[in-house]
Structures are given as structure tokens and as C-alpha cells.
Amino acid sequence: MDPLLPYVAELNLVDHHCHGVLRDDLDRTGFEEMLTEADTVSRWGTSLFDSSVGFAVRRWCAPLLDLPAHVRPDEYIARRRSLGAAEVNRAFLVASGISTFLVDGGLWPERLHGPSVFTGSRELAVVRLERLAEEVIIEGATGFPDRVRRALESTPAVAAKSIAAYRVGLELSGERPSDGEVVAACERWLAAGGGRCADEVLSRFLVWEALDRGLPVQFHVGYGDRDLALHRADPSLLTDLLRATEHLGVPIMLLHNYPFHRSAGYLAQVFPHVFADLGLATHTVGHQASRVLAEALEIVPFGKFLFSTDAFGLAELYHLGALFFRRALSDFLQAGMRRQAFGEADAVRISHLIGSENARRAYRLD
Amino acid sequence: MDPLLPYVAELNLVDHHCHGVLRDDLDRTGFEEMLTEADTVSRWGTSLFDSSVGFAVRRWCAPLLDLPAHVRPDEYIARRRSLGAAEVNRAFLVASGISTFLVDGGLWPERLHGPSVFTGSRELAVVRLERLAEEVIIEGATGFPDRVRRALESTPAVAAKSIAAYRVGLELSGERPSDGEVVAACERWLAAGGGRCADEVLSRFLVWEALDRGLPVQFHVGYGDRDLALHRADPSLLTDLLRATEHLGVPIMLLHNYPFHRSAGYLAQVFPHVFADLGLATHTVGHQASRVLAEALEIVPFGKFLFSTDAFGLAELYHLGALFFRRALSDFLQAGMRRQAFGEADAVRISHLIGSENARRAYRLD
Amino acid sequence: MDPLLPYVAELNLVDHHCHGVLRDDLDRTGFEEMLTEADTVSRWGTSLFDSSVGFAVRRWCAPLLDLPAHVRPDEYIARRRSLGAAEVNRAFLVASGISTFLVDGGLWPERLHGPSVFTGSRELAVVRLERLAEEVIIEGATGFPDRVRRALESTPAVAAKSIAAYRVGLELSGERPSDGEVVAACERWLAAGGGRCADEVLSRFLVWEALDRGLPVQFHVGYGDRDLALHRADPSLLTDLLRATEHLGVPIMLLHNYPFHRSAGYLAQVFPHVFADLGLATHTVGHQASRVLAEALEIVPFGKFLFSTDAFGLAELYHLGALFFRRALSDFLQAGMRRQAFGEADAVRISHLIGSENARRAYRLD
């Protein structure tokens, strides 16, 4: 294993997509249920500690809690509880070396807290579009389009997030829906009893309205929890919409992407406003992150790739997301230099682009 | 090349999905036609010995027939014929180190024989669902559902196998069909002249009925012979059915999966009753198996991945399937230990889970 | 980095699919716009020099223009202009070591010139089917089928090229359309104002007619410019057509294929008349070509894989396509020999098959 390149180890990261952290303590089952995208521990599948991310917790998180590497799961959980979630959260968030967090707080807002609660680091909000629609629909279908517009105009968020992949799949049409179509969709939604926003017209409407207001739109793509069907979360299904929205000149971010990370790189190459990352996968694949990141970087321009953790609930995932990202980026750069693809000055520059500058440019953070 | 880890070399394997072995001797064309998923030797494509699995036969099978490594194909075939298929089959089956075989004998039952004929090892049956339907339909559409149920109740098989991927594609609905729908499908089938069972309603019915009786269901997924269209064999297409059958608590096994092995790992992570393997691909990709298995193990929990050969016809494929599996698993574990992902005790444990314990638990073999 | 195997370094390559070269000089923006599949330089995405192929130009092309490796982009462009495109084109084409070019000249015929203009090497034509249809339709719908047949009978081209992936997607039916259906499609086309040939019936008709006349048909598959939707360029969508055309005994070539190169290898294994390559991706992924080529060679028979550059416009792409192909093939063979998959005599033979012999056989070049 090559030593980590010092300029990668010291990168001040911008995490352009993550979620909040649980303030509550967890027992073993609760911890395992947060560890991967599985909702529950399977009676058929041994423990979720027996997965790459589970081993990574035992190896790379345990020492931060003053435990030996590779500690047994029960000891890890016991130690975590005895320290208390607040102390544990602070330790892992600080260790991650992430200085700026863009936080999608739309899932479990009552149980999760932003990283800045624990560390005082810079935190910016990402507004979850389907959730916003679910709040706005309460006042009825009539006037829904304008109420969404006003909400987006007054949001303090620096970006919007679409979970169309979960709700309707990514095969969104490229056409901007009319207000009449949107109201009709709302009426159907209400007639069906309300609840989750799961309508292709509405998903599309929300994206257009966010882009109109200059808000970069993040799309969940690929791997996620069992509520989605993977083949409907292929980023290539977004092609029509990407083509139609290019002239707006507002970034669209393809999140996660695994196992479609090569396709995401293609879209980021050919569409000027498209960017990609490898969040969630980076810590889930753990010690194999180097190969997966290398694939993700095959054809994407280095000015179009970002760091994110997609950490959710467990502060460990911030630490592991950053740690395996640094490891994988360092391995990528060292392999490139060994093959003479670029020299050290360019390697330093690439690491800064991916680690923070691309995010600063795309979200206008400065 | 790292030496093989001793505990991987010595693993007593359970092959949870394979086929029978040809008792007849083969000439060169006959041998090449069994070597890959190609039906015939192409006049445009040189010899099928010029493929990874062909080179693997010359390198790793020849010495077991007392031939030098890398022997010429014609010499290999000649030696194989002079020894006779029974002797050759015995040699390769013993060399594989597989102690238990789950055999899908539904293809070419008149020409193929189970491994136990040659070695006396433990052999358990897998019932091929479409074949069972083709037998049961002979008595007509009326009563078909109950006749299928009775057949499944009395089968000695420990698992069922669905080749829906070949017949209708994997996009099976999640709904359990009513008996009326099933009988109507049978009537359509008979009206069309009978023959192959190729109806989405029937494929779905067969899976539900097998699961109802506690029989784990194996699905052919991904790579196979030319009768399928690869994009219709994507495991993600099964999502609705997996969601609908979870509450039954009976395992579903995704077989082969190449090149969708990452997607299969995702499904095995998020659905408690889903397992995956890399059979067929392991020996077909030959000396490159280590990278492919490493990909397959990125996100799957280690309690949800199984060994299989999918060997069919040639006993060489048992030997090569086991040999490249051991090589790839050993490489995976050594790379993990070098990266400090886990220590040796965990590496031993992972190898036992994947090599046999997961199969024993899922199929209740003990 | 292993030294290049001498017999790979010295391979006399047949490039079975490429485009012409620009005779005009380019400024920096013009150069960047030709470098990848992006049409324009993104204001969001830094420079396209910050991509694998951009770094490859600075490292591996600069020295051929007497510049130091890793030269700054502006210096590279200035030097290129001072030498003049003709001199630059000659230098890179000669350095590529390609002796025979099959040139699809159907895109930008007025601005691009065949490689032989600069080097005197052997050059053979590939006729672009949709362009041919767009010429033939000018005389009207009536008689279109026969006029296409006559044009194909008199073409000097050694192969035909289909860009159905761009125009209608690859999900072509396996049925041969009747002349009546073709004329009806032409009438729809003309009624819609003519322009681009983008009709599934016509794409299919053109392929059948080319094959009927013994012309191997090349399909654009996978990665390309933004005019396509990647999921509609999956080679597996061609399965019905491949099955239906097998009996004609004329090769079908799957071009590029990234990121579906494993699926292309599958099709080349199971269909006797199907071949695959990795053009375009080889130079685009640059220093990572070794992994991607290794994946492409997992299951494809070695008699069914070809070399191509898919170079378009910039002569650098011929040089880089050949250079990274040699590097990747050499790495593949050395890794195989280290794993004892084959000995040196077989490695030499594989390199000749892939580098030129498969193309000579499939296109009957001798």
C-alpha cells in the first residue's frame, strides 16, 4: 500500500452532499441497520458487520474511540454507547477533515442533526424538492406552481435535491410542464389520497423551477435503499432532460452513480452543466474504493467530479467516506504518476479540483 | 502471483448450482462447443481454445491428464479420448475439492449424469421449474395449478430453478397470479401448440409456489447462451418480485450475474432473502477471475455470497470453476489484509462463509 | 510499469474503424472541442486538457513535436500551429504504426481527409449507411430500395457503418422489412421534411442490404457524442437482429462499446458472426486503458476482437489510440503470462490476431 500523498491527506474537503447525524445512542441492531442500505439485519445473512463497510468500522473507526483496530462488533457498540453519541459524532466529524457540508436534511428531520451542531464547521442547506412539494400541496392544487416558486425563491438553500429515481425513475421527459399540467398532476395526487410526491410531471416541474432560480440540482442516481429499482436509476435515462436544460447554465449534479459511475462520467463529459460524484459507494465498498474511483475517473473531466460522502445517520460514515476517498484519490494519482500520465504539479491541482474547487465553482460558495 | 492461502486451498466447497457431466467422449469440435456459451465454432473466429477458458484448459487441466502445461489442443483432445470420459470426469471432479453438489439436471437429462456417478460425493437435486411445468401441462390446463403444487410438495429437490431470464426476461411482476390467470395462461400455451413454457404469468406462478413450499429459488441472471437477451436478464428487473416475496422468508439466489454482478450485490444487500454468486463467469474469465470476483464482493454482505461453478457437460469446468474461485478468493483476502481491511481470523471466516456455510444455512443442508 | 513487449511494440496495426483528419490549423478552443466527445468547452468544467486524454496529449504527443513531456497546453497549441497541421498529421500518423486504415468518411467530408493523404499508407473506405440513404432519398421514395441496392453494389467500400444508435437506438427488430414498408418509411420521412435518416425500418433495411452484398456492418455502440442516449446504445439491444442475420455469414462489428464492453464480448462469444473492439475508449481513458481492455478481453474469444482508434479530426488520436492499445495489450499479455495463463508463443499469436489478423480475415483484406 502506497503511503497517502501528503497533499491529499491534507485536503480541506467540501462534502457537497450529505445528510444529518443521529444524536441518539444506538444498540447493535440499530447500528447495523444504519450501516448499509439494508433496512434490517437479515436472519439469512449473518451480521452486516461482515461487509466491507462493517470491517472498515472495526478497522478505521475503532482507534478513534481508543479501541484496538479490528475490535469485535459488540465491544465497538459498547464503547460507542459509553462515550455517547455527541462525543462520537464530534470525533468522527473532526477526523474527516471536511470543512464545508452541503446537507440534505429532508429525510428524518426530527431525528437527524446537521454536522455543524457537533463541530461548528460551515454548513449549507440543500432543499429536498419532493419534500417541499409535499409541504406545499397541503394548501391544495390551485396555485401550487406559484407557491413552489415562492418557496424556492425564499429558500436559504444553495442547491436542490431530486429523488425522482425513487419516486418515478429517472426517465424524465425533457419538456417543461405547463402550470395547467402541474395543477392537474396535483389534483390526481390529492385524489389518490396525497402522501408521497410520486409523479413524473411534478418531479420534472420541480427540477425546472429550481434551475430557473439558479439552484444547482442534485439527482440521486444509482445505488440506494430498497425503495428504488436500480435499472430505473440509470443516469442515462436523464439524457433528454439534460439536453433540454443545458441552456439554463445551471449545474446538475449526478450523485452516487454506482454501478453506473462510468455512464455518469460520460454525461459529465458531454454536457457542460453536468457533474458527477461517487458518494455512498466510496465508504460502502471500503478497501476496494481505489478501483471504483479509478473507474469513475476514466472519462470524466477532472473539473467535473466532486467529493461527497452521502453520510446518513452515523458519523462514522463521514470519517470513512473521507478516508477512503483520500486513499482512492491518492492511489489514482500515484498510479497516474507511475505511468507518467501527469507530474506532481498536475496531481496537486487535480486533488484540489476534486476535493473542493469544483464544488466551490459549481455552487458559487465563495 | 501470491501463493494461495492455505485455508482457501483446503476449503471443502459446496457447489450450490451446477449441471451434469457428459459420459460420452468428445472430438475437438464437440469439446469446443461445450467450452463456452457459443453453440458452434465460428468459421470467422479461429478456435474457441483461443479464449480465456480455452487457455485455462491447456494450462490447468492438461497436467491432471499427465500432459505438459500449455499442451496443444489436439493433443489434449486425443489424450482425453484415450483415457475415456469416465476416468477424465472422475479426475477433475475429485480435483475440484467440491464435497456437495446441488445439481440442476433439467437440461439434457438423457446425456448428462450427476457428479456423484463418478465420485460418490453428496449430490442434491434442484428442480427446474419450467421443465416441471412442461411435464405437468401434458395433462391439460384444467387442474394445472394443483398438479404443480403436488409435484413441488413431493419433489426430493432442495431448491427450484427458474430460467425466466431465457423464456420471458426477468421483468416479472410482483403480484401472485390467481389460479384462474394461471389456467388461462395454460390454455393460451396449449392453443399455441405447447412446447416451451414461455409465459410471464407461469414463470411467476412457479416461483411463488416453490417459495410457498420453502424451496429456495435460483434465478438464472445475466450471461448465458444465445437464447437470451442480456438486457432482459438484468437482476434489477426482479425488484418488484423480490419486494413482494420478502415476507415469505425463503431465499432467492441470483446465479452467475455477469456483467451485472455489482447490481446483484446491491440486491443481496438490501433484500434480506436475496443471495448472489458468480458461477459460470468464474471459469469463463479464467485468469482474470480475481478482478471480477473482487467487483462482485464490493457491496454484497459476506453472509450473502455463494460459490458455484454452473459447470455443464465438461468435468473440466468443475475443476476450473473451483480453481479460479480459490485463486480469486485468495487474492481478494490477501489484498484486503494488505490494506488492513481485516485480519487473518476474519479472512478465514469469510472464506468459510462463502465457500460453504452460506449455502448450508440458506438451503438448510445440515 | 512493465516495458512494452517487443512484439506488441512492433505490431503492424490494422485500424478497422477511424475517421478523417483535419487539414486546418486549430486554436486552443478548436483543439479542445475535438479532444473528447464534448462539443464545447464548459464554463463550469475548467479545461478539457484536464482529462485523461488531455494529459495524454501533453505527455505522449508533445515529444513528437520536439516539446518536453507535460508541456503546458498553450505551448502545445502554439507549437502545433507553427509546424502546421500537415506536418503534425504526418508525424502522428507515422508514429502510430498503423499500416492499414478503414475510414468512415461520412462525417464532415468537406473538412476531413483520409490518413493516406498524409502518409501514403493503405486506406479502404467504409460507407456510412444513413448518409447513403440521405443521398438516395433525394430522388424520392419510389424506387428507393433498388437505388440503395445499386449504390451498395457499386460501392468501393469494404464495409458499411450504421449509426442507428444515434438515430433510433439499437433496439432494431430482427425482421427484414419489405420494400413496401421501406417505401412507406421514406414517404413518412419526406413528409416530415427530409433531413436526417432516423427511422427504425430504414436503419434495419440498410443493414440487411449491406449484409446481403457481403459487406461487414459496423455498428456504433455505447459511448459517443451527446446526440445519443447511452442506454439506447447498449449492444444487447441488437440481439434479435444478430440472431436473425447469423445465417448470412457476414461479420457484424460492434464498435467502441464502452461502458458495455463486457456485453459486447458476450455477443461476440455467442454469435459466430459478431466481433467487438474498444475504439474511442482506448485513447479517451488514456493511462487507464489497461484495465478497460482487460475487462473487454474477459470472455470474448481472441479471434473476435479487433483494434481500432475511432480517431476523428486530430491526428494525435491515432497516435494515442495505438499507443494506449499497445500498452494495454502488452499489460494484458504480461499479466496473463505471470499468471501462467499462456506462454510467450501464444502471447505473440494473440497479439497478431487482435492487432491485424482478425481484421484481415473478417474484411477479407488479403
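Above this text you will find the structure in question.
Given the structure is predicted, the values throughout are model-derived calculations rather than measurements.

Trainee: So what about the overall build of chain A? Which residues, and what values?
Mentor: Regarding its fold elements, chain A presents 17 helices and 10 strands. Since a compact globule built from 366 residues should have a radius of gyration of about 21 Å, the 20 Å found for chain A is in line with a globular shape. In terms of its C-alpha atoms, chain A occupies a principal-axis envelope of roughly 60 × 50 × 40 Å. The buried share of chain A, taken over its 366 residues, is 67%. Here the analysis covers contacts within chain A between residues at least 6 apart in sequence; of these, 74% occur between residues at least 24 apart. About 11,400 Å² of surface is accessible on chain A, with carbon and sulfur atoms providing 49% of the total.

Trainee: An account of the interface of chain B and chain C is needed here, citing residue identities and associated values.
Mentor: Taken together, the contacts link 41 residues of chain B with 43 residues of chain C. Carbon and sulfur atoms make up 53% of the surface buried where chain B meets chain C, a total of about 3,600 Å² over both sides. Considering only the surface of chain B that becomes buried against chain C, B:Trp44, B:Arg226 and B:His287 emerge as the three largest contributors, covering 24% of it. For the pair chain B and chain C, the interface holds 6 salt bridges. For B:Glu295, the salt bridge is made with C:Arg262, and the minimal N-O distance between the two is 2.9 Å. Run the count over chain B and chain C and you get 25 residue pairs in polar contact (both at pLDDT 80 or more). Within the residue set of the side of chain B that touches chain C, elements represented by two or more residues are α3 (52–61), α15 (289–296) and α16 (316–338) of chain B. Considering each element in turn, the side of chain B that touches chain C owes the most residues, 5 residues, to α3(B). Tallied by class, residues from the side of chain B that touches chain C come to 14 nonpolar, 15 polar and 12 charged.

Trainee: Could you give an account of the interface of chain C and chain A, naming the residues involved and the relevant values?
Mentor: Taken together, the 41 residues of chain C in the interface contact 44 residues of chain A. Between chain C and chain A, a total of about 3,700 Å² is buried, with carbon and sulfur atoms accounting for 53% of that surface. Applying the counting criterion to the chain C and chain A interface returns 6 salt bridges. Our count for the chain C to chain A interface comes out at 25 residue pairs in polar contact (both at pLDDT 80 or more). Elements with a minimum of two residues in the side of chain C that touches chain A: α3 (52–61), α15 (289–296) and α16 (316–338) of chain C.

Trainee: With reference to specific residues and values, describe unusual backbone geometry.
Mentor: The linkage connecting A:Tyr258 with the following residue, A:Pro259, adopts the cis geometry, with an omega of 0°. Following the sequence through the fold, A:Pro259 ends up in the loop between β8 (252–256) and α13 (261–270). For B:Thr46, which is not a glycine, the phi torsion comes out positive at approximately 50°. Structurally, B:Thr46 can be placed in the loop between α2 (28–35) and α3. For B:Thr46, a relative accessible area of 26% puts it in the partly exposed group.

Trainee: Report on the packing of aromatic side chains, specifying residues and quantitative values.
Mentor: Residues and elements named next belong to chain A. Counting across every chain of the model gives 36 aromatic pairs over all chains. A centroid spacing of 5.7 Å and a plane angle of 10° characterise the contact between Phe-31 and Phe-49, whose relative ring orientation is stacked. With Phe-31 in helix α2 (residues 28–35) and Phe-49 in the loop between α2 and α3 (52–61), this residue pair connects regions lying 18 residues apart in the sequence. Overall, the relative accessible area of 0% leaves Phe-31 in the buried class. Using a relative accessible area of 1% as the deciding quantity, one classes Phe-49 as buried.

Trainee: Just give me the short version of the relation of the copies chain C and chain A, but keep the residues and values in it.
Mentor: When chain C is fitted onto chain A, the two copies agree to an RMSD of 0.0 Å after a turn of 120° and an axial shift of 0.0 Å. The superposition operator between the copies reduces to a three-fold rotation axis. Mapped onto chain A, only 5% of the interface residues of chain C again fall at the interface, so the copies present different surfaces.

Trainee: Go over the side chain of A:Ser96 with me, naming the residues and quoting the values.
Mentor: Position of A:Ser96 relative to the elements: it lies in the loop between α5 (85–95) and β3 (98–104). If we skip the residues at most four places from it in the chain, A:Ser96 touches A:Leu13, A:Tyr318, A:His319, A:Ala322 and A:Arg326.

Trainee: So what's going on with the environment of B:Ser99? Residues and values would help.
Mentor: Residues and elements named next belong to chain B. Assignment of secondary structure puts Ser-99 in strand β3 (residues 98–104). Taking the C-alpha atoms as reference points, Ser-99 and Val-270, separated by 171 residues in sequence, lie 31 Å from one another. Beyond its immediate chain neighbours, meaning those up to four positions away, Ser-99 contacts Asn-12, Leu-13, Ser-121, Arg-122 and Arg-360.

Trainee: Residues and numbers for the pairing of strand β7 (residues 217–221) of chain C, please.
Mentor: All names here are of chain C. Of all 5 residues that make up β7, 5 are buried, and the element is covered over most of its length. Neither face of β7 is exposed, since Val-217, Phe-219 and Val-221 on one face and Gln-218 and His-220 on the opposite face are all buried. Here strand β6 (residues 159–162) pairs with β7 via 3 bridges, running parallel. Looking at β7, one finds that Lys-161 is bridged to Gln-218. Note: β7 against strand β8 (residues 252–256), 5 bridges, orientation parallel. Bridge pairing in β8 places Phe-219 opposite Leu-254.

Trainee: Lay out the packing of helix α8 (residues 144–154) of chain B against helix α11 (residues 200–212) of chain B with the relevant residues and their values.
Mentor: Residue and element names in this part refer to chain B. Viewed as axis vectors pointing N to C, α8 and α11 meet at an angle of 40°, and their least axial separation amounts to 10 Å. Considering their axes alone, α8 and α11 lie oblique with respect to each other. By crossing handedness, the relation of α8 to α11 is classed as right-handed. Residues Phe-144, Pro-145, Val-148, Arg-149 and Leu-152 of α8 form the contact with α11, whose own contacting residues are Leu-202, Phe-205, Leu-206, Glu-209 and Ala-210. When the residues that make up the contact of α8 with α11 are grouped by side-chain class, the tally is 8 nonpolar, no polar and 2 charged.

Trainee: A description of the environment of A:Gly355 should follow, citing residues and the corresponding values.
Mentor: Residue and element names in this part refer to chain A. Considering the arrangement of structural elements, one finds Gly-355 in helix α17 (residues 344–363). For the pair Gly-355 and Leu-11, spaced 344 residues apart in sequence, the C-alpha separation works out to 6.6 Å. Gly-355 has contacts with Leu-11, Asn-12, Leu-13, Val-14 and Phe-307, leaving out every residue within four places of it along the chain.

Thresholds applied
- Residues numbered from 1 in each chain as written.
- Chains lettered and ligands numbered in written order.
- Predicted model: local features only at pLDDT ≥ 70, side-chain atom pairs only at ≥ 80, totals over all residues.
- Heavy atoms only, no water.
- Helix = DSSP H or I, 4+ residues; strand = E, 2+ residues; numbered from the N terminus.
- Rg over C-alpha atoms; globule rule 2.2 N^0.38 Å.
- Buried < 20%, exposed > 50% of the residue type's maximum accessible area, 1.4 Å probe, protein only.
- Contact = heavy atoms within 4.5 Å.
- Areas by Shrake-Rupley, 256 points an atom, 1.4 Å probe, with all protein chains shown as cover.
- Buried area = accessible area lost by both parts, 1.4 Å probe.
- Salt bridge = Lys/Arg side-chain N within 4 Å of Asp/Glu carboxyl O.
- Polar contact = N/O pair within 3.5 Å; in protein donor to acceptor, adjacent residues only side chain to side chain.
- Nonpolar A, V, L, I, M, F, W, Y, C, P; charged D, E, K, R; others polar.
- Phe/Tyr/Trp six-rings, centres within 6.5 Å; stacked < 30°, edge-to-face > 60°.
- Least-squares fit on C-alpha atoms with pLDDT ≥ 70 in both.
- Pairing = 2+ DSSP bridges.
- Axes fitted to C-alpha atoms, helices over the stretch in contact; angles between N-to-C directions.
- Parallel < 35°, antiparallel > 145°, perpendicular 65-115°, else oblique.
- Left-handed = near helix turned anticlockwise from the far one by under 90°.

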